[in-house]
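Letter by letter, the chains look like this.
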Amino acid sequence: MIVVAPDSPVTSWYWSNRVWNALGFGAFLLHPWSRGLAQFYPSELRQIVYYENHGHLYELIDKYLPRVEMRHEIAEAGLQETIRANLYRHRCAAMLEVVQDKLGVK
């Protein structure tokens, strides 16, 4: 199975928490390029596959649809990275660090 994230709203910093949900369930995810999301899942680590436009998306679907084992490997890498560093507890801890830093609390 291939999960495709929609390409709207269009901004290089947007992504939804559904990314973490999908990857946390072991999905193979095609997602529009997001500079913000790439900080958590860099494309070179092959934990998620980014597309640039609809033409590129269709090419990626054609490429990965017959490559079941490759999709499973990428999905597993995304799952493991999500468990390692991108659960809600990780995001909440990071948010608390920012707030504490801004307030000067340690």
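Caption draft 1: Focus on the overall build of the protein chain. Check the secondary structure of the protein chain and you find five helices and three strands. Overall, the protein chain shows an N-to-C arrangement of helices and strands of β-α-β-α-β-α-α-α. Structurally, the protein chain occupies a C-alpha span of about 50 × 25 × 20 Å along its principal axes. Within the protein chain, the proportion of its 106 residues that are buried is 34%. In the protein chain, the share of contacts with a sequence separation of at least 24, taken over all contacts with a separation of at least 6, comes to 53%. Considering the protein chain, the positive charge centre built from 11 side chains and the negative charge centre built from 11 side chains are found 5 Å apart.

Caption draft 2: Region of the structure containing the pattern of salt bridges. Counted by the stated rule, this structure contains one salt bridge. With its nearest N and O atoms 2.8 Å apart, the salt bridge here joins E81 to R84. In this pair, E81 and R84 both sit in helix 4 (residues 68-85), three residues apart, roughly one turn of the helix. E81 sits in the buried class, given a relative accessible area of 12%.

Parameters and conventions
- Residue positions within a chain follow its written sequence, with the count starting from 1.
- In view of the model being predicted, local features appear only for residues whose pLDDT reaches at least 70, and side-chain atom pairs are presented and counted only at 80 or more, with totals across whole chains, interfaces and linings using the full set of residues.
- Values reported for side chains reflect all heavy atoms of the structure, with hydrogen atoms and water molecules removed beforehand.
- Starting at the N terminus, helices and strands are each numbered in turn, a helix being any DSSP run of H or I of at least four residues and a strand any DSSP run of E of at least two.
- Whether a residue is buried, partly exposed or exposed follows from its accessible area with a 1.4 Å probe, protein chains only, as a fraction of its type maximum: under 20%, in between, or over 50%, in that order.
- In what follows, a contact means two residues having at least one pair of non-hydrogen atoms within 4.5 Å.
- Residues scored as positive are Lys and Arg, those scored as negative are Asp and Glu, and His as well as the terminal groups of each chain are ignored.
- Charge placement uses NZ in Lys and CZ in Arg. For Asp and Glu, CG and CD serve respectively.
- Here a salt bridge means any side-chain nitrogen of Lys or Arg lying within 4 Å of a carboxyl oxygen belonging to Asp or Glu.

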